[in-house]
Amino acid sequence: MRLVRTLPVFLSAALAATAPAALVAAPAADPPLLGFGAARAAEERALEARFAAALSKGDLSPWLKRLSARPHPVGSAYGKENVEFMAGLFRSWGYDTRIEEFRVLFPTPKTRLVELVAPTHFVARLAEPAVPGDATSGQSAEQLPTYNAYSVDGDVTGDLVYVNYGVPKDYEELEKRGIDVKGKIVLARYGGSWRGIKPKVAAEHGAVGCIIYSDPKDDGYFEGDVYPKGAYRNENGVQRGSVADMPLYPGDPLTPGVGATADAKRLDRKDAATLTKIPVLPISYGDAKPLLAALAGPMAPEAWRGALPLPYHLGPGPARVHLKLEFNWDLVPARDVIATLPGSERPDEWVVRGNHHDAWVNGADDPLSGLVDLLEEAKAVGTLAKSGWKPRRTIVYAAWDGEEPGLLGSTEWAETHETELQKKAVLYINTDSNGRGFFGVGGSHILERFINQVARDVNDPERGMSVLDRNRAARLVNGSAEERQDLRGRADLRIPALGSGSDFTPFLQHLGIPSLNMGYGGEGGGGSYHSVYDSFDHYTRFIDPTFQYGVALAETGGRAVLRFANADVLPYEFTDLADTIGTYVKEVKALADTLRQQTEETNRQIDEGQLLAAADPTETYVVPRAKEPVPHLNFAPLENALAALEKSARAYDRAAAATDRGLSEATQKELDAALMGVERAFLTREGLPRRPWFRHQVYAPGFYTGYGVKTLPAVREALEQRSWGEATEQVTVVGKAIEAAAAAIDKATAVLKGGTAAKG
């Protein structure tokens, strides 16, 4: 599993203009380091130079080839071999290493059937054959079949309806045309949202089954030559993947909120809310073509049409499909590798760094391209430790299992160690897959300035400039006018917020641990995602053949880990946070205004008897139903909380700037303890409406987007669902959470003002 890689984060020349002077002071010749005094900053730069010199791309290719040599999904024999191999490496580098095991629900298919029964007969192949030049594509005995994990069993027959990406707005378009999917099987193409949203929305509209296919327009021959000639998905390639309703909660479906240890209390499977309500199966575009060709009815809107050589009709029928699925519902071991380097001065403050190791099949790109970079990073950090250096804070490296089915290993570990992590973890850094191209990063906005500074110090391996200078140039050339204006008017360049799709989710959105997700990409072609063709041969031909960007990721992650582990005080910053939350408040207010205007216009047209014009004169649109008017909504609690946050952030900056002689060790520790409370303050005990596992009131995956983030989610989604009473209620709840964060910043400011100057 991985996110669509985030847009690059950029650095302006004026990056440090508003940084707290006492915490970033450095000699004039060197740019500042947030969290460090001048002397300690010089030491840190020297240490990071030694670290970077120890990195070598020579390890990456053999590690990647070894780890991807056989299929290794969660619970597999080769997955266990990989775990033991990695644990041995960590131990050889000096880490205190253990393997933590959980028992998780992981279904595998025993019956899969997609059969066109009318107007002609066709049985889908549901197989990915070996291809020339790919040494591992023929390992059929160990490969998981093409399927969607956490689909329910089912045996259904129904007329087929093509629903585009199968997201809520697509069903609104169908409704305009008078097309109902109740009692029918829907055919959706991958894209537009996370795959688990498609059967979820289909079931809400009464469908009895869901088939998801990969259209060549999205990652097949429309993009370039197909594998093995080129990088893109061939006609037999299928995207496996989880369809669990992870916007409710990730992790083991049977143990929500608690670690899936051997003796954990488990739900009955029928009570597991994250399993789908209808059967769902992925297919290739080779198998989808006869199904689409058999459809009649209206032509799909132009934006819905893919790249197959046929007219895209909507149906329903005359295509009629039989879908049958049965699964083995087994509990299997999920094994996490946890490697620890104890801190010398603040061992109870943890910097956690992770990447998953399980894959749907061989997984060279996803996830092993990121994992081998983490291993190289950890090896170089271990080399520093063997030379006598020790981190001030504890460093924890983790290789997670079971990420692909549903963030199993990371979530179960985080739930098992929840109390300790909330007390000790100061940062979580996640990677997944990696490739050639631009640096992308998203995360907590109290880390925005920190990661700007880290990436400023990493050189692009092909361009001979910092990765941020390269990205800045790209933004200036390709960005919108608004983005270019932002570059000129803001010291730090924005990073996007995180939704879900990888192992940062339990740390940030459940436990309130500041988190980053990072990687390189954008220049390698690909259509191998979650298929048997995500192999060593594919990766080394098309993604990062020289492994230069693997070294770049190891350097970026390592600098971030070392800098956080060694800082005098935790390098959080709050003016960027307040500025970003200010944009979110403006967005939800604008959303309410837009909904009000749209509702008034739609209802006016209905009142005046106007029909919406059809895009195609041969089509007939159904007159929409009148919508409830949007009432006046009072956003004052949000606006007042934002004003408090902005004031607190400025006060912290002033107090930090006034601390010009540094802080005693005791005050630094006290300040760290106060700073750790800021991100945690955004959590509420009750969590989000209807999904209490997600506690963070600023960042969450969208209920109908899955991977895509919803910021201020409780307010934004109440507006989107036109639940006006809930929106009013949640404005107050979220306002209180923001006020709590402001109060936590004020507590840190008080420590600064009362702190004693360091001796000597």
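Everything that follows concerns the structure shown earlier in this document.
Rules of the game
Residues numbered from 1 in each chain as written. Predicted model: local features only at pLDDT ≥ 70, side-chain atom pairs only at ≥ 80, totals over all residues. Heavy atoms only, no water. Helix = DSSP H or I, 4+ residues; strand = E, 2+ residues; numbered from the N terminus. Rg over C-alpha atoms; globule rule 2.2 N^0.38 Å. Buried < 20%, exposed > 50% of the residue type's maximum accessible area, 1.4 Å probe, protein only. Contact = heavy atoms within 4.5 Å. Areas by Shrake-Rupley, 256 points an atom, 1.4 Å probe, with all protein chains shown as cover. Lys, Arg positive; Asp, Glu negative; His and termini not counted. Charge placed at Lys NZ, Arg CZ, Asp CG, Glu CD. Core = buried A, V, L, I, M, F, W, Y, C linked by side-chain atoms within 4.5 Å. Axes fitted to C-alpha atoms, helices over the stretch in contact; angles between N-to-C directions. Parallel < 35°, antiparallel > 145°, perpendicular 65-115°, else oblique. Left-handed = near helix turned anticlockwise from the far one by under 90°. Nonpolar A, V, L, I, M, F, W, Y, C, P; charged D, E, K, R; others polar. Salt bridge = Lys/Arg side-chain N within 4 Å of Asp/Glu carboxyl O. 1 Å grid on protein atoms, 1.4 Å probe; cavity = no way out; pocket = protein on both sides within 12 Å on 5 of 7 lines; lining within 4 Å. Points joined across faces, edges and corners; volume = space filled by probe spheres on them. Phe/Tyr/Trp six-rings, centres within 6.5 Å; stacked < 30°, edge-to-face > 60°.

Colleague: What's the story with the overall build of the protein chain in this structure? I'm lost.
Modeller: On a plain count of helices and strands, the protein chain comes out with 24 helices and 16 strands. Against the globule reference of 27 Å for 760 residues, the protein chain gives a C-alpha radius of gyration of 26 Å, in line with a compact fold. Dimensions along the principal axes, computed over C-alpha positions, put the protein chain at roughly 85 × 65 × 55 Å. In the protein chain, which comprises 760 residues, the share counted as buried stands at 61%. For the protein chain, long-range pairs separated by at least 24 residues make up 80% of all intrachain contacts whose partners lie at least 6 apart in sequence. With the model as given, the accessible surface of the protein chain reaches about 26800 Å², and the carbon-plus-sulfur share is 52%. Of the side chains in the protein chain, 85 bear a positive and 99 a negative charge, and the two mean positions are spaced by 2 Å.

Colleague: What is the right way to look at the nonpolar core in this model?
Modeller: Soluble globular proteins tend to bury their nonpolar side chains together. Grouped together as the largest cluster of nonpolar side chains are 220 residues, with contacts concentrated most on Phe 90, Val 114, Tyr 213, Tyr 397, Phe 574, Ile 581 and Leu 719. For this core, the element with the most residues is helix α24 (residues 724-754), which contributes twelve residues. Apart from residues no more than four positions distant in its own chain, Leu 719 is found in contact with Val 588, Leu 591, Ala 592, Leu 595, Leu 633, Phe 635, Trp 724 and Ala 727.

Colleague: In this structure, what is going on with the packing of helix α3 (residues 60-67) against helix α9 (residues 364-386)? I would like to understand it.
Modeller: How two helices pack is summed up by the angle between their axes together with the distance between the axes. Closest axis-to-axis distance for the α3/α9 pair is 9 Å, and the angle between their directions is 135°. Relative to α9, the element α3 lies oblique. For the element pair α3 and α9, the recorded crossing hand is right-handed. Where α3 approaches α9, its residues Leu 60, Trp 63, Leu 64 and Leu 67 are matched on the opposing element by Ala 364, Leu 368, Ser 369, Leu 371, Val 372, Asp 373, Leu 375, Glu 376 and Lys 379. Of the residues that constitute the contact of α3 with α9, the class distribution is nine nonpolar, one polar and three charged.

Colleague: Sorry if this is basic, but what is going on with the pattern of salt bridges here?
Modeller: If charged atoms from side chains of opposite charge come close, those side chains can pair. The final tally for this structure, using the stated rule, is 47 salt bridges. Where Arg 335 meets Glu 101, a salt bridge forms, and the shortest distance between an N and an O atom there is 3.5 Å. With Arg 335 in strand β9 (residues 320-341) and Glu 101 in strand β1 (residues 96-118), the pair connects residues that are 234 residues apart, well separated along the chain. On the basis of relative accessibility, which here comes to 12%, the residue Arg 335 falls in the buried class. Notably, a salt bridge pairs Arg 436 with Glu 462, separated by 3.2 Å at the nearest N-O pair. Of this pair, Arg 436 sits in the loop between β12 (425-430) and β13 (437-443) while Glu 462 sits in the loop between α13 (448-456) and α14 (467-478), and the two are 26 residues apart along the sequence. Arg 436 gets classed as partly exposed once you look at its relative accessible area, which sits at 22%. A cluster of three or more residues bridged by salt bridges with shared partners is formed by Arg 40, Glu 43, Glu 345, Arg 346, Glu 349, Arg 392, Arg 393, Asp 568, Glu 665 and Asp 672.

Colleague: Whenever I open this one, empty space enclosed by the protein confuses me. Can you help?
Modeller: Think of a ball as big as a water molecule: rolled over the atoms, this probe shows where empty space is left. A complete count under the given rule lists four cavities of 30 Å³ or more for this structure. Around the second largest cavity, the lining comprises ten residues; the ones closest to its centre are Met 246, Ser 500, Gly 501, Gly 706 and Tyr 707. Here the residues of the lining of the second largest cavity sort into seven nonpolar, three polar and no charged.

Colleague: Which parts of the structure should I look at to understand the packing of aromatic side chains?
Modeller: Centre distance and the angle of the planes are the two values used to describe a pair of aromatic rings. What the rule picks out here adds up to 27 aromatic pairs. Here Phe 90 and Tyr 397 contribute two aromatic rings whose centre-to-centre distance is 6.4 Å and whose plane-to-plane angle is 25°, an arrangement assigned as stacked. Placement of Phe 90 in helix α4 (residues 77-92) and of Tyr 397 in strand β11 (residues 393-400) is noted, with a sequence separation of 307 residues between them. On the basis of an interplanar angle of 35° and a centroid distance of 6.4 Å, the ring pair of Phe 106 and Trp 360 is categorised as tilted. Of this pair, Phe 106 sits in strand β1 while Trp 360 sits in the loop between β10 (346-356) and α9, and the two are 254 residues apart along the sequence. One exposure class covers both Phe 106 and Trp 360, and it is buried. Put simply, the rings of Trp 63, Phe 90, Trp 93, Tyr 95 and Tyr 397 touch in pairs and so form one group of aromatic residues.

These values are about where atoms sit, not about what they do.
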